[in-house]
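Descriptive structure summary
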Amino acid sequence: MRHFRMMAAAVAVSALAAVGSAGTASAKTQIQWWHAMGGALGERVADIAKGFNESQSEYEVVPTNKGNYTENMTAGIAAFRAGKQPHILQVFEVGTATMMAAKGAIKPVYQLMEETGEPFNPDAYLTTVTGYYMTNDGKLLSMPFNSSTPVLYYNKEAFTKAGLDPTAPPKTWPELAAAAKKTQAAGYPCGFTTAWQSWVQIENFSAWHNIPIGTKANGFGGLDTELTINSPAHVKHIQQLADWQKDKTFVYGGRRGDSQALFTNGECAMYMQSSAGLAGITKTAKFEFGAGMLPYWPDIGKAPQNTIIGGATLWVFDGHPAEDYKGVAKFFSYLASPEVQAEWHQGTGYLPITRAAYDLTKKQGFYDKNPDAETALKQMTLNEPTENSRGLRFGNYVQIRDVINEELEAIWGGSKTAQEGLDAAVARGNDLIRKFEKESQ
Amino acid sequence: MEKRVVFRNPVLPYLLLAPQLIVTLVFFIWPAFQALKQSVLLEDPFGLRSRFVWLENFEYLFANAQYLDSLSITAVFSVSVAALALSVALYLAVQADRVVKAAAVYKTLLIWPYAVAPAVAGILWLLMFNPTLGILAYALRSLGYDWNHQVNGDQAMVLVVVAAAWKQISYNFLFFLAGMQAIPRSLIEAAAIDGAGPARRFWTIVFPLLTPTTFFLLVINIVYAFFDTFGIIHAVTQGGPAGATNILVYKVFNDGFIGLDLGGSAAQSVILMAIVIGLTVIQFRFIERKVHY
């Protein structure tokens, strides 16, 4: 709490500084955009803002990097509490329920477009992307910005050495295990590893097999939802992964993207990671690799269904002059234009958010040269999303993901069986969902 | 008769004290008060809805297995860090005190780690023990020991304890060395003439005379382990695996900043405050009595 107040103060000071410098710069209306994109991605963000600023003369979008996703969100919230909120805040997908519950603090995108009279056609967007961020009656709450979905990267060199077809990644888990045995025999010590274990092995595993993550349509149907990730299918899958650790078919390499080095330095022959990891892997891997769809169990659910997205969207804060919102709406239209989207998609590995951008990329022949870049899109749009594969919306999900991480680590470490660990994750997760329900009343 | 210097102007002393008082009020008392207030509220992150819930946040904590785990983890962590940092520093100080040649070089080198920021120290140790890339993890593996602190909680605990203690050793070393140099040579020489060996001299003369220093360092080290090790935990394990290194101060941050659970996080910091106040009182009241000044 002490830190929170100090942060709020720091934010207020920097906001004052920004206002001070704005007065001298120009008469343009400034739109503050706080984002969490560092490094090369941060430069892309700056390019987009620059492109918009040059396309018209009334508004100026000012992008500011406020650290990682959590830091950015906390900074935005602290700024709101201090009355100095930015116009646009980038929030990761698991923060959706928190932002949604903040009625009076945010301005939903559909409302923004209505109020400013900006033309807006929700049907132009890819439903698997926007579905995650819509109300139940189909109204868009936040502007999808960077979305990705996990795919299976595999080391083509290892596949060739092991006598496997380097153009045919394994489609099912049993095929993957067989491939792992062969690459291990060919001198690669570890079969596969995974990044973002909760996102890939629990959330996307569920969507891909069309089984629920929670009741009430994965939480879309109301706050009184409960997790169901201790179902027999989940337990079977996680227990199998745990058992596979014995002969190093599976190796756990840490949370988030910490496991990437295991793949790129050639220890693990296969790796499940976000499609947006493509650029980073290309940079560090010294071997040829490909990207296939996530594996599925032929005997669980109705697989393959479609995978769900991760990444972040842009939320609009309330409390600014009406004139500013015109600029925000114009900026969103610019952001969603096929040219901007196609360039963003091709440069970063994130998914395009409109069908037009997808078609444009196809027409430009990008996928002919980079077939792996299309795998994610094909996998995500494989089938029309169901209740189970639209996404998820649970309160306090940022904390719940931590709980799932902890319990999975207990399972990998052998101190709990998959059943015990997942039961505990459900109990602790439900506890947090109840707490959120109470807070939101 | 006691001679006192009295300020003629009644306002002046307060003016002179003001900077210190203001700093204390703004940066310590006020935030502590805010934490107390927040700890009895149930509030959404944006501060839009706030309800007074009595001690519900505290009840929730003490019924929560993870919180109780975090308490015992913190106890293990701080005792280990303090014990390791104090004993190694004392050993090094004794050795450095004896060195005749190039003593300044040794002393300077031993003080260096203190200049390293906690997060940087954490990263250094993390890189050495990274299961994939780390040179020491590699060495351990070639000795037949499978090091993977990302899965094994005990190994993770050992790693953060070593990293945290390593950083504090320099500080302790400085104080021990200064303490030892303040011990009159004549005492030690007299003992030596009476035939006491180095070990005997240490335990019967040096160590008892060092107790004020040791006591002071004990307090400092416990407080260090409770609060200042945040950077190390954040850089090395982030409380994992499976909460094995989730010490109280890290949990406060995690629940408050990552989880945006303000009430729960504030309740935890209030408890943390109480623990540290309690520990310090116990140390001064009971342990200090046994200290020879």
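Residues numbered from 1 in each chain as written. Chains lettered and ligands numbered in written order. Predicted model: local features only at pLDDT ≥ 70, side-chain atom pairs only at ≥ 80, totals over all residues.

1. With respect to the sheet that holds strand β6 (residues 150–155) of chain A
Residue and element names in this part refer to chain A. Strand order in the open sheet formed by four strands is β7-β8-β6-β9, and the pairing between neighbours is mixed. The open sheet has two edge strands, β7 (190–194) and β9 (289–292), and neither has a second partner. In this sheet, neighbouring strand axes are inclined to one another by 20° on average, regardless of whether the strands run parallel or antiparallel. Strand direction decides the pairing type here: β7 and strand β8 (residues 268–274), joined by four bridges, are parallel. In the sheet register, F192 faces β8, and the bridge partner there is M270. Against the sheet, helix α8 (residues 173–185) contacts β7 and β8, and its axis sits at roughly 130° relative to β7. (Pairing = 2+ DSSP bridges. Helix = DSSP H or I, 4+ residues; strand = E, 2+ residues; numbered from the N terminus. Axes fitted to C-alpha atoms, helices over the stretch in contact; angles between N-to-C directions. Contact = placed C-beta atoms within 7 Å.)

2. Focus: the packing of helix α11 (residues 248–258) of chain B against helix α12 (residues 262–287) of chain B
Residue and element names in this part refer to chain B. The geometry of α11 relative to α12 is characterised by a closest axis approach of 8 Å and an angle of 160° between their N-to-C directions. In this view, α11 runs roughly antiparallel relative to α12, as classed from their interaxial angle. For α11 against α12, the interelement crossing comes out left-handed. Between α11 and α12, the residues in contact are L248, V249, K251, V252, D255 and G256 and L262, G264, S265, Q268, S269 and L272, respectively. By residue class, the composition of the contact of α11 with α12 is five nonpolar, five polar and two charged. (Parallel < 35°, antiparallel > 145°, perpendicular 65-115°, else oblique. Left-handed = near helix turned anticlockwise from the far one by under 90°. Nonpolar A, V, L, I, M, F, W, Y, C, P; charged D, E, K, R; others polar.)

3. Considerations on the domain arrangement of chain A
Residue and element names in this part refer to chain A. One can read the domain layout of chain A as domain 1 (2–148 + 310–363) and domain 2 (151–307 + 394–439). If you average the C-alpha positions of domain 1 and of domain 2, the two centres end up 30 Å apart. Tallied by class, residues from the side of domain 1 that touches domain 2 come to five nonpolar, seven polar and no charged. (Domains from an automatic or database assignment.)

4. Describing the packing of helix α4 (residues 103–111) of chain B against helix α7 (residues 153–181) of chain B
For any two helices packed against each other, one specifies the inter-axial angle together with the distance between the axes. Residues and elements named next belong to chain B. At a minimum axis separation of 8 Å, α4 and α7 run at an interaxial angle of 140°. Put simply, α4 runs oblique to α7. Packed against α4, whose contacting residues are K107, L110 and I111, the element α7 presents S170, F173, L174 and L177 at the interface.

5. Digging into the interface of chain A and chain B
In this assembly, 34 residues from chain A lie in contact with 30 residues from chain B. If one sorts the elements of the side of chain A that touches chain B by residue count, helix α19 (residues 397–412) of chain A sits on top with seven residues. Looking at the side of chain A that touches chain B residue by residue, the class counts come to 13 nonpolar, 11 polar and 10 charged.

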